[in-house]
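Examining the three-dimensional arrangement
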Amino acid sequence: MLESLGARVAPLRGADDLVGPDGVRVDAVLLPGGESSTIDKLLRMFDLFEPLRTSVAAGLPTLGTCAGLVLLAREVEDRAPGQQSLGVVDVTVRRNALGSQVDSAEAELNSTLGPVRVAFIRAPVVTRVGTDVEVLAQRDQQVVAVRQSLVTGIAFHPELTGETVFHRRLLSDIRG
Ligand code: GLN
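Here is a short report on the structure shown in this document. Just so we're clear, the structure is a prediction, and the values are computed from it rather than from any experiment.

Scanning the chain from terminus to terminus reveals 4 helices and 10 strands. Moving toward the C terminus, one meets the helices and strands of the chain in the order β-α-α-β-α-β-β-β-β-β-β-β-β-α. Over its C-alpha atoms the chain spans a radius of gyration of 15 Å, differing by no more than 12% from the 16 Å that the globule rule assigns to 176 residues. Dimensions along the principal axes, computed over C-alpha positions, put the chain at roughly 45 × 35 × 35 Å. Expressed as a percentage of the 176 residues in the chain, the buried residues total 46%.

Relative to the elements of secondary structure, Leu-109 occurs in strand 5 (residues 105–111). Between the C-alpha atoms of Leu-109 and Gln-138, which are 29 residues apart in sequence, the distance is 7.1 Å. When near neighbours in sequence (up to four residues on either side) are disregarded, Leu-109 contacts Gly-114, Pro-115, Val-116, Val-118, Phe-120, Ala-137, Gln-138, Arg-139, Val-144 and Phe-156.

Quick look at the environment of Val-129 now. Positionally, Val-129 belongs in strand 7 (residues 125–129). As a C-alpha pair, Val-129 and Val-93 span 36 residues in sequence and 9.1 Å in three-dimensional space. For Val-129, the contacting residues outside a window of four places in its chain are Asp-90, Val-91, Val-135 and Val-143.

Before going further, it helps to spend a moment on the nonpolar core. Core analysis: the largest hydrophobic core is formed by 47 residues, its most contacted members being Leu-52, Leu-109, Phe-120 and Phe-156. At 5 residues, helix 3 (residues 67–72) tops the list of elements feeding residues into this core.

Taken as a whole, the largest pocket holds about 1100 Å³ of empty space. For the largest pocket, the lining is made up of 34 residues, of which Val-9, Ala-10, Pro-11, Val-26 and Ala-28 are closest to its centre. Of all the secondary structure elements, the ones that give two or more residues to the lining of the largest pocket are strand 1 (29–31), helix 1 (36–45) and helix 4 (165–175). If one sorts the elements of the lining of the largest pocket by residue count, helix 4 sits on top with 4 residues. Of the residues in the lining of the largest pocket, the class split is 25 nonpolar, 1 polar and 8 charged.

Below, the discussion takes up the site of the ligand. Taken together, the neighbourhood of the ligand is formed by Gly-33, Gly-34, Glu-35, Ser-36, Cys-66, Ala-67, Arg-95, Asn-96, Ile-121, Arg-122 and His-157. Between the ligand and the protein, one listed contact pairs an oxygen atom with a side-chain N or O atom of Arg-95 at 2.8 Å. Measuring from a nitrogen atom of the ligand, one finds a side-chain N or O atom of His-157 at 2.8 Å. For the ligand, the accessible surface in isolation is 300 Å², of which the surrounding protein chains cover 98%. At a threshold of 2 Å from the grid points, most atoms of the ligand map onto the largest cavity. Tallied by class, residues from the shell around the ligand come to 3 nonpolar, 5 polar and 3 charged.

Our next topic: the environment of Val-26. Here Val-26 shows up in the segment before strand 1. Distance from Val-26 to Ile-121, taken between C-alpha atoms, is 29 Å for residues 95 residues apart in sequence.

Below, the discussion takes up empty space enclosed by the protein. The tally for this structure, following the rule as stated, stands at 1 cavity of 30 Å³ or more. For the largest cavity, the calculated volume is near 70 Å³. Around the largest cavity, the lining residues are Gly-34, Glu-35, Ser-36, Cys-66, Ala-67, Val-70, Arg-95, Asn-96, Ile-121, Arg-122 and Pro-124. Looking at the lining of the largest cavity residue by residue, the class counts come to 5 nonpolar, 3 polar and 3 charged.

Each value, and the rule that gives it
- Residues numbered from 1 in each chain as written.
- Predicted model: local features only at pLDDT ≥ 70, side-chain atom pairs only at ≥ 80, totals over all residues.
- Heavy atoms only, no water.
- Helix = DSSP H or I, 4+ residues; strand = E, 2+ residues; numbered from the N terminus.
- Rg over C-alpha atoms; globule rule 2.2 N^0.38 Å.
- Buried < 20%, exposed > 50% of the residue type's maximum accessible area, 1.4 Å probe, protein only.
- Contact = heavy atoms within 4.5 Å.
- Core = buried A, V, L, I, M, F, W, Y, C linked by side-chain atoms within 4.5 Å.
- 1 Å grid on protein atoms, 1.4 Å probe; cavity = no way out; pocket = protein on both sides within 12 Å on 5 of 7 lines; lining within 4 Å.
- Points joined across faces, edges and corners; volume = space filled by probe spheres on them.
- Nonpolar A, V, L, I, M, F, W, Y, C, P; charged D, E, K, R; others polar.
- Near = heavy atom within 4 Å.
- Polar contact = N/O pair within 3.5 Å; in protein donor to acceptor, adjacent residues only side chain to side chain.
- Areas by Shrake-Rupley, 256 points an atom, 1.4 Å probe, with all protein chains shown as cover.
- Sits in = over half its atoms within 2 Å of the grid points.

See the structure below:
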């Protein structure tokens, strides 16, 4: 998605990768969907958890999708045993709130960035929104997209439906 929008993209596998091949720090980070407890374990195993937390907290533009939203949240309900989160967005997120794999669904949402068509897969919802957090979208009165400063967390997958608005916003956050 990001490459199709003109960005240069590299995987983040260790703290050194926060600095690109040209010695310049990365401009933005995307925390993908997947399984938040596994991503958390890998972040800690590869000594990336703390450097990433510090960078995002210091203002690195960041987009977290689905499991990525869980990782960004200050508090996580229904965590896996020992699961930690980066705690950089002042929200509480309930993991797997929208059901299991068979409950996956596409949905049209009216977001503050306009109407979007996205996919929910074992998706979390936001159950508490901190005072400095903006709500970007709701689904059936449940908060599913939030933003605090330059950090955006969305409970769904925009890439599966080809919805580019959140990725474009991440790139414009860099320029901004
Ligand atoms: N349920 C997963 C988790 O807790 C997220 C699922 C997804 O990213 N599609 O991390």
